[in-house]
Amino acid sequence: MRGDTESMTLLRPRSVEEALRLYAANPGAVPLAGGTDFMVAWNAGEANGRTILDLSRLAPWKRIRLTKTGVRVGSLVTHRELQIHPLVRKRLPLLVEACATIGGGQIQARGTLGGNIANASPAGDTFPPLAVYEARVRLRTAGESRTLRFLDVFTGVKKTALAQGELIDSIEIDFPRRPARQSFRKVGTRAASAIAKTVAAGLLWLSADGRIREVRFALGSMAPTVRRLASVEALLAGKKPTSRLVEEAVDLLENDVSPIDDLRSTRAYRLEVSRNLLRAFLSPGLTR
Amino acid sequence: MIELTVNRKKRRYRGPLFKRLLDVLREDFELTGTKEGCGEGECGACTVLLDGEPVNSCLVPVVQAEGTRVETVESLGVSSRLSPLQQSFLEEGGAQCGICTPGMLMTAWAYVRGGGPADPESVRTALAGNLCRCTGYQHIVASVVETAKRENAKRERKRRARAR
């Protein structure tokens with residue numbers, strides 16, 4: 001069974017305003033960004049008869065703009081464009097690393113940040129970095145706009161808080177003050193074109209006296225949605241990083257996630273590897 | 001009706017707009033060099049260049065290629081006159097059964113043309129989205145490294161000539 005071209009209805013807005021109007025009038029339409037996910041289903045014959053809202057002509061959503069505090073990334077900016085943007089490379093390296101692990105280069109050239117978010121896979125590679133950068137997602141309908149905290153966008157596996165007729169306009173990311181330590185790690189079956197068994201991003205700042213001023217750590221593929229490790233972060237804040245403290249933090253990890261056994265991995269493996277990633281992130285240069 | 005540029009020629013396409021770029025190239029434009037492998041964006045056999053970037057043509061509805069520049073393996077060379085990259089695949093044994101080869105060549109060509117470095121690690125990263133089940137990759141990587149070396153040397157000579 002394959003995709004049937006004749007069964008598809010195509011809406012081709014030329015402007016953002018037209019797209020939002022058309023979406024309001026056709027709430028069942030599938031907004032199509034880079035197509036790297038939808039076309040797989042369509043090729044398999046699983047999406048025939050749908051109405052497609054093709055977003056490919058919405059130029060304003062394809063730009064990365066500088067703001068006073070960071071960048072505003074249009075929802076149709078590709079993973080490739082994020083990787084080659086000089087300021088994004090310099091100030092948001094975790095996001096750049098995540099974009100470089102999505103599929104192969106061909107997927108990175110088509111797949112978009114907004115599409116990745118709207119798709120809401122529990123394993124979205126860009127999600128742990130966006131969670132620790134505390135990104136905001138700007139949503140628009142024909143009439144209004146609102147901004148959600150990144151973590152609030154996701155309500156379950158492949159489910160988002162987007163309302164009917166609402167499209168992602170942009171993702172706002174403030175540049176963080178320079179961290180003492182930062183890390184992105186994805187664990188999958190191979191380096192490219194693999195979906196994560198677990199995926200982690202961390203940022204850590206130290207005080208002048210060597211205490212942990214703030215730490216942010218997020219995990220993907222470990223719950224229905226991306227998770228910040230709230231208990232771990234709270235435990236570590238303001239403390240001297242000792243190996244005993246790190247072990248306490250590692251023991252707490254399980255509180256903040258709920259991994260499952262599935263075709264890609266097991267709950268036990270995911271927990272073990274995630275604990276190792278957290279330990280590796282916290283350990284360098286700690287005092288005994 | 002939409003217009004796009006295929007291998008430097010302006011082409012018009014009149015047909016269902018949700019047809020895959022892969023099928024439009026093969027069936028409507030009779031450019032059958034581009035192959036379908038997995039049909040789900042994993043294998044890279046159908047890779048063509050869209051505005052210079054490698055993409056999986058099985059995942060691009062032709063409507064999204066309107067106004068773009070598409071380059072397929074037919075743009076590289078012909079049997080009687082292969083491009084340097086194709087020649088290198090031939091000499092180094094970079095092709096066996098041939099199904100992955102058109103996609104492999106296009107990804108490699110974008111890399112070489114863009115001045116990608118001639119080291120095996122970088123080449124492997126660039127080719128990560130192209131699978132080959134015959135060669136074990138060694139010979140493919142060697143072909144690309146060899147071409148990158150020559151192309152980068154050529155570029156360097158030109159740069160020096162201009163500086164003089």
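Residues numbered from 1 in each chain as written. Chains lettered and ligands numbered in written order. Predicted model: local features only at pLDDT ≥ 70, side-chain atom pairs only at ≥ 80, totals over all residues.

Regarding its fold elements, chain B presents five helices and five strands. Helices and strands in chain B line up, N terminus first, as β-β-α-β-β-β-α-α-α-α. Rg of the C-alpha trace for chain B: 16 Å, near the compact-globule value of 15 Å for 164 residues, within the 12% margin. Across the 164 residues in chain B, those meeting the buried criterion constitute 48%. Looking at chain B alone, contacts between residues at least 24 apart form 59% of all its contacts between residues at least 6 apart. (Helix = DSSP H or I, 4+ residues; strand = E, 2+ residues; numbered from the N terminus. Rg over C-alpha atoms; globule rule 2.2 N^0.38 Å. Buried ≥ 20, exposed ≤ 12 C-beta atoms within 10 Å, placed from the backbone. Contact = placed C-beta atoms within 7 Å.)

Okay, the overall build of chain A next. Scanning chain A for helices and strands turns up eleven helices and 14 strands. Here chain A has a C-alpha radius of gyration of 20 Å; the compact-globule value for 288 residues is 19 Å, and the two agree. Principal-axis analysis of the C-alpha atoms places the extent of chain A at approximately 65 × 45 × 30 Å. For chain A, the proportion of its 288 residues judged to be buried stands at 46%. Considering only contacts within chain A whose residues lie at least 6 apart along the sequence, 64% involve residues at least 24 apart.

Moving on: the nonpolar core. Formed by 122 residues in total, the largest nonpolar core has its most connected members in Leu95 and Phe217 of chain A together with Ala108 and Val144 of chain B. The leading source of residues in this core is helix H3 (residues 101-113) of chain B, at eight residues. With near-sequence residues (within four places) excluded, leucine 95 of chain A lies in contact with Leu82, Val88, Thr126, Pro129, Leu130 and Tyr133 of chain A. (Core = buried A, V, L, I, M, F, W, Y, C linked by C-beta atoms within 7 Å.)

The subject of this paragraph is the domain arrangement of chain A. All names here are of chain A. Each assigned domain of chain A is listed with its residue range as follows: domain 1 (8-53), domain 2 (61-174) and domain 3 (181-282). A straight line from the C-alpha centre of domain 1 to that of domain 2 covers 19 Å. Listed as interface residues are 13 residues of domain 1 and, on the opposing side, 17 residues of domain 2. Of the residues forming the side of domain 1 that touches domain 2, the biggest block, six residues, is contributed by helix H1 (residues 16-25). Taken together, the residues of the side of domain 1 that touches domain 2 break down into eight nonpolar, three polar and two charged. (Domains from an automatic or database assignment. Nonpolar A, V, L, I, M, F, W, Y, C, P; charged D, E, K, R; others polar.)

Residue and element names in this part refer to chain B. When the domains of chain B are assigned, the result is domain 1 (2-75) and domain 2 (84-163). Look at where the C-alpha atoms of domain 1 and domain 2 centre, and you get two points 22 Å apart. Between domain 1 and domain 2, the residue contacts involve 15 residues of the former and eleven residues of the latter. For the side of domain 1 that touches domain 2, the secondary structure elements donating two or more residues are strand E3 (47-50) and strand E4 (53-56). Here the side of domain 1 that touches domain 2 gets three residues from one element, more than from any other, and that element is E3. Of the residues contributing to the side of domain 1 that touches domain 2, the split by class is seven nonpolar, six polar and two charged.

Another aspect to go through is the sheet that holds strand E5 (residues 70-74) of chain A. Residue and element names in this part refer to chain A. Spatial ordering of the open sheet is given by E4-E5-E10-E6-E7, a layout of five strands whose pairing is antiparallel. Edge positions in the open sheet fall to strand E4 (64-66) and strand E7 (145-149), since each of these has one partner strand only. Adjacent strand axes in the sheet meet at a mean angle of 25 degrees when their direction is disregarded. As paired elements, strand E6 (residues 136-140) and E7 share five bridges and run antiparallel to each other. Counted as the bridge partner of arginine 136 is arginine 149 from E7. (Pairing = 2+ DSSP bridges. Axes fitted to C-alpha atoms, helices over the stretch in contact; angles between N-to-C directions.)

At the interface, 24 residues of chain B touch 24 residues of chain A. Residue contributions to the side of chain B that touches chain A peak at four residues, all from E4 of chain B. Of the residues in the side of chain B that touches chain A, the class split is twelve nonpolar, eight polar and four charged.

What follows covers the packing of helix H2 (residues 84-92) of chain B against helix H5 (residues 138-163) of chain B. Residue and element names in this part refer to chain B. The contact between H2 and H5 brings their axes to 8 Å, and the two run at 140 degrees. Compared by their axis directions, H2 and H5 come out oblique. The handedness of the crossing between H2 and H5 is right-handed. Two secondary-structure elements touch here, H2 through Pro84, Leu85, Ser88, Phe89 and Glu92 and H5 through His139, Ala142, Ser143, Glu146, Thr147 and Arg150. Split into classes, the residues belonging to the contact of H2 with H5 amount to four nonpolar, four polar and three charged. (Parallel < 35°, antiparallel > 145°, perpendicular 65-115°, else oblique. Left-handed = near helix turned anticlockwise from the far one by under 90°.)

Another aspect to go through is helix H11 (residues 267-282) of chain A. Owing to its 3.6 residues per turn, the α-helix aligns residues three or four sequence positions apart on the same side. A rise of 1.5 Å per residue sets the reference length of H11 of chain A, with its 16 residues, at 22 Å; its end C-alpha atoms lie 23 Å apart and thus fit the reference within 8%. Looking at the buried positions of H11 of chain A, the neighbouring elements they touch are strand E11 (181-187), strand E12 (198-206), strand E13 (212-220), helix H9 (230-236) and helix H10 (243-252) of chain A. (Expected span 1.5 Å × (residues − 1).)

This part takes up the sheet that holds strand E3 (residues 51-54) of chain A. All names here are of chain A. The sheet built from three strands is open, its strands ordered E1-E3-E2 with parallel pairing. Strands at the two margins of the open sheet, each flanked by one partner only, are strand E1 (9-11) and strand E2 (30-32). Neighbour-to-neighbour, the strand axes of this sheet turn through a mean angle of 30 degrees, independent of strand direction. Relative to E3, E2 runs parallel, the two sharing three bridges. Paired with valine 30 across the strands is isoleucine 52, a residue of E3.

What follows concerns unusual backbone geometry. Residue alanine 120 of chain A is not a glycine yet carries a positive backbone phi of 55 degrees. Here alanine 120 of chain A is to be found in the loop between helix H7 (113-119) and helix H8 (127-132). One non-glycine residue, aspartate 51 of chain B, lies in the positive phi region at around 50 degrees. Among the structural elements, aspartate 51 of chain B can be located in the loop between E3 and E4.

What follows concerns the pairing of strand E10 (residues 167-174) of chain A. Residue and element names in this part refer to chain A. Most of E10 sits inside the fold, with seven of its eight residues counted as buried. Pairing of E5 with E10, which is carried by five bridges, proceeds in the antiparallel orientation. Of the residues in E10, the one forming a bridge with glycine 70 is aspartate 174. Looking at chain direction, E6 and E10 are connected through five bridges and run antiparallel.

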